[in-house]
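# What the coordinates show
Each chain, written out:
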Amino acid sequence: MIIETFRKGKVKELYKRFADKGRQLPEGVTYINSWIDENVETCYQVMESDTIEKINEWIRLWKDVADFRVIPVITSAEAKKKVDAA
């Protein structure tokens, strides 16, 4: 999961870039879905990638308009398997 905090005064620029260039995902990164808070200040995105390096490559393209926090997550089914195996 990626939590993006939009930089003050950069939201319009971010959306214009997205409209012009799309998500700009590197090969090996898959967008799943995203949610944005009602104040349009924070975006919560779920993406898949085999490596953090690919996620960081994507972040480098957007770091001028947002700050990022990456939280590795697993599905509920994967969590259940993990708990059952312990």
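Before any of the text, the structure's been laid out above.
Structural notes, computed from the coordinates. (Residues numbered from 1 in each chain as written. Predicted model: local features only at pLDDT ≥ 70, side-chain atom pairs only at ≥ 80, totals over all residues. Heavy atoms only, no water.)

A word on the pattern of salt bridges. Under the definition given, this model contains 7 salt bridges. Asp67 serves as the salt-bridge partner of Arg7, at 2.8 Å between the closest nitrogen and oxygen. Note that Arg7 is positioned in the loop between β1 (2–6) and α1 (11–21) and Asp67 in strand β4 (residues 66–70), a separation of 60 residues in sequence. The partly exposed category is assigned to Arg7, whose relative accessible area is 34%. Residue classification places Asp67 among the partly exposed residues on the basis of a relative accessible area of 40%. By sharing partners, the salt bridges in this structure join Lys10, Glu13, Arg17 and Asp64 into a single network. (Salt bridge = Lys/Arg side-chain N within 4 Å of Asp/Glu carboxyl O. Helix = DSSP H or I, 4+ residues; strand = E, 2+ residues; numbered from the N terminus. Buried < 20%, exposed > 50% of the residue type's maximum accessible area, 1.4 Å probe, protein only.)

This part is about the side chain of Thr42. Summarising the element assignment, Thr42 is placed in strand β3 (residues 42–49). Residue Thr42 is classed as buried on the basis of its relative accessible area of 14%. Residues within four places of Thr42 in sequence aside, it is in contact with Ile3, Glu4, Phe6, Trp35, Ile36 and Asp37. (Contact = heavy atoms within 4.5 Å.)

On to the environment of Thr5. Along the polypeptide, Thr5 turns up in strand β1. Taking the relative accessible area as the measure of exposure, Thr5 reaches 38% and is therefore partly exposed. In this structure, the C-alpha to C-alpha distance between Thr5 and Val40, residues 35 residues apart in sequence, is 9.2 Å.

The subject of this paragraph is a nonpolar patch on the surface. Together, Tyr15, Ile36 and Val40 make up a nonpolar patch on the protein surface, roughly 230 Å² of accessible area in all. Its location among the elements puts Ile36 in strand β2 (residues 29–36). Judged by relative accessible area, which is 37%, Ile36 ranks as partly exposed. (Patch = residues over 30% accessible without salt bridge, like charges linked within 9 Å, V, L, I, M, F, W, Y side chains within 5 Å. Areas by Shrake-Rupley, 256 points an atom, 1.4 Å probe, with all protein chains shown as cover.)

Quick look at the sheet that holds β3 now. A sheet is described by the order of its strands in space; here 4 strands give the open sequence β2-β3-β1-β4, paired in antiparallel fashion. Both outer strands of the open sheet, β2 and β4, are each paired with one neighbouring strand and no more. Strand-to-strand twist of the sheet, defined as the mean angle between neighbouring strand axes without regard to direction, takes the value 25 degrees. As paired strands, β1 and β4 are joined by 5 bridges and run antiparallel to one another. Considered in β4, the bridge of Ile3 is made with Arg69. The strands touched by helix α2 (residues 52–62) within the sheet are β1, β2, β3 and β4, with β4 carrying the most contacts at an inclination of about 165 degrees. (Pairing = 2+ DSSP bridges. Axes fitted to C-alpha atoms, helices over the stretch in contact; angles between N-to-C directions.)

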